[in-house]
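Summary of structural features
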Amino acid sequence: MARRIANGKVSDAASCEIQDGVKVSFGVTPPVLWQHFSGHYTNIGIHSEGNQVRHAKGMTVDINIRDVDLTPVGDSKGTIGALNAAITWESTGIAETVKSEIPMIGGLAVNSVNTNPNDGTIELKGTFSHIIAKPKVVDGGFALEVVKFSGLGFTLPRESIQSMLDDFTKDLTKDYPLGIRADSVNVTDSGVIAHMSTENAPIPKSDNPCFQNL
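These lines cover the structure that appears in this document, whether it is placed above or below. Source: prediction; values computed, not measured. (Residues numbered from 1 in each chain as written. Predicted model: local features only at pLDDT ≥ 70, side-chain atom pairs only at ≥ 80, totals over all residues. Heavy atoms only, no water.)

**Thoughts on helix α4 (residues 159–173)**
Compared with the 21 Å implied by 1.5 Å per residue over 15 residues, the 21 Å span of α4 between its first and last C-alpha is a close match. Taken together, the buried positions of α4 are occupied by Ile161, Gln162, Leu165, Phe168, Thr169, Leu172 and Thr173. Looking down the long axis of α4, one finds its buried residues gathered within 130° of arc, a one-sided arrangement. Of the exposed residues in α4, those oriented more than 90 degrees away from the buried face are Glu159, Asp167 and Lys170. Two residues or fewer past α4, aspartate 175 is found with a positive phi of approximately 60°. (Helix = DSSP H or I, 4+ residues; strand = E, 2+ residues; numbered from the N terminus. Expected span 1.5 Å × (residues − 1). Buried < 20%, exposed > 50% of the residue type's maximum accessible area, 1.4 Å probe, protein only. Arc of directions from axis to C-beta.)

Set out below in structure tokens:
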């Protein structure tokens, strides 16, 4: 019963924030019943189904949370000792998200995405154009820095589309709860992997509706 209640509350909060289905697991020491009644959880794992994270299609997140104390402190419901999140974003999901959120970049439609782990770039390809961009961490969030933009046989200035990509990435990563910040991002053969984390984070009482029932 205690495990089911705790699982339900954490699942609801995580699903609400991620906007996808999740699976939740708890550390077995001490027993979950003891953790439930003490309000102190030693370790919680959350794995999303990979359909999306907010507006980012085809993104999967694996979260490990340690030392959750649900003792109210000031304006918070408690604290989280540490949270680490590993994010995987497949190339097909990046392409789907870009086509959905910014279907025309600089007047050019993006049809597919290729990745190049050798130089850490991704290529957004259109019928007569391509954009080469480098994922990077900026101010605790993620950004796509335009390296090259070519279309219709000539090269266009990066500035013409950089602002659009900046707005796109800011919208995807804004307002993360619990002070979560991006630590790293790397390009792989199949997409992009990233890491985010926070430490000693207060659990808000009412600012975020996803955490109201914790």
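The structure having been displayed, the exposition proceeds.
**What to know about the packing of aromatic side chains**
All told, the structure shown has 1 aromatic pair when counted by the stated rule. With centroids separated by 5.7 Å and ring planes inclined at 45°, the aromatic side chains of phenylalanine 26 and tyrosine 41 adopt a geometry described as tilted. On the criterion of sequence distance, the pair formed by phenylalanine 26 in strand β1 (residues 22–26) and tyrosine 41 in strand β2 (residues 40–48) is long-range, its members being 15 residues apart. (Phe/Tyr/Trp six-rings, centres within 6.5 Å; stacked < 30°, edge-to-face > 60°.)

**What about the environment of glycine 27?**
Mapping glycine 27 onto the fold places it in the loop between β1 and α2 (32–38). Along the chain, glycine 27 and glycine 45 lie 18 residues apart, while their C-alpha atoms are 8.2 Å from each other.

**Thoughts on the packing of helix α3 (residues 91–101) against α4**
As a packed pair, α3 and α4 sit with axes 11 Å apart at the nearest point and diverge in direction by 110°. Considered as vectors, α3 and α4 are oriented roughly perpendicular to each other. Between α3 and α4, the residues in contact are Thr97, Val98 and Glu101 and Phe168, Asp171 and Leu172, respectively. Each residue belonging to the contact of α3 with α4 can be placed in one class, and the counts come to 3 nonpolar, 1 polar and 2 charged. (Axes fitted to C-alpha atoms, helices over the stretch in contact; angles between N-to-C directions. Parallel < 35°, antiparallel > 145°, perpendicular 65-115°, else oblique. Contact = heavy atoms within 4.5 Å. Nonpolar A, V, L, I, M, F, W, Y, C, P; charged D, E, K, R; others polar.)

**Topic: unusual backbone geometry**
Look at aspartate 67: it is not a glycine, yet its phi comes out positive at around 60°. As for its placement among the helices and strands, aspartate 67 is situated in strand β5 (residues 59–69). Here aspartate 67 falls in the partly exposed class, since its relative accessible area comes to 38%. Of note in this structure, aspartate 139 is not a glycine but carries a positive phi near 55°. Here aspartate 139 shows up in the loop between β11 (129–138) and β12 (141–151).

**Brief notes about empty space enclosed by the protein**
As enumerated under the stated definition, the model contains 1 cavity of 30 Å³ or more in all. What lines the largest cavity is a set of 20 residues, and nearest its centre among them are Met59, Trp89, Phe142, Leu172 and Thr173. For the lining of the largest cavity, the secondary structure elements donating two or more residues are β6 (76–90), β12, α4 and β15 (191–204). Counting residues per element, the lining of the largest cavity draws most heavily on α4, which supplies 4 residues. When its residues are assigned to classes, the lining of the largest cavity shows 18 nonpolar, 2 polar and no charged. (1 Å grid on protein atoms, 1.4 Å probe; cavity = no way out; pocket = protein on both sides within 12 Å on 5 of 7 lines; lining within 4 Å. Points joined across faces, edges and corners; volume = space filled by probe spheres on them.)

**A closer look at the side chain of threonine 97**
Relative to the helices and strands, threonine 97 resides in helix α3. Relative accessible area serves as the criterion here: at 0%, threonine 97 is assigned to the buried category. Within polar-contact distance, the side chain of threonine 97 engages the backbone oxygen of glycine 93 at 2.7 Å. Setting aside its immediate chain neighbours within four residues, threonine 97 contacts His55, Ala56, Lys57, Trp89, Ile102, Phe168 and Leu172. (Polar contact = N/O pair within 3.5 Å; in protein donor to acceptor, adjacent residues only side chain to side chain.)

**Comments concerning the pairing of β15**
When a strand is regular, its side chains alternate between the sheet's two faces. In terms of strand pairing, β6 meets β15 through 13 bridges, oriented antiparallel. The residue of β15 that forms the bridge with isoleucine 80 is alanine 201. Taking the residues between adjacent antiparallel strands as the criterion, strand β14 (residues 181–187) and β15 are bridged by 3 residues. (Pairing = 2+ DSSP bridges.)

**Looking at the pattern of salt bridges**
Two side chains bearing opposite charge may form a pair once their charged atoms approach each other closely. Summed over the entire model, instances satisfying the criterion amount to 2 salt bridges. Measuring nitrogen to oxygen at the nearest pair gives 3.6 Å for the salt bridge that ties glutamate 145 to lysine 136. (Salt bridge = Lys/Arg side-chain N within 4 Å of Asp/Glu carboxyl O.)

**Side note on the side chain of serine 48**
Mapped onto the elements of the fold, serine 48 is located in strand β2. Separated by 2.9 Å, the side chain of serine 48 and the backbone nitrogen of valine 61 make a polar contact.

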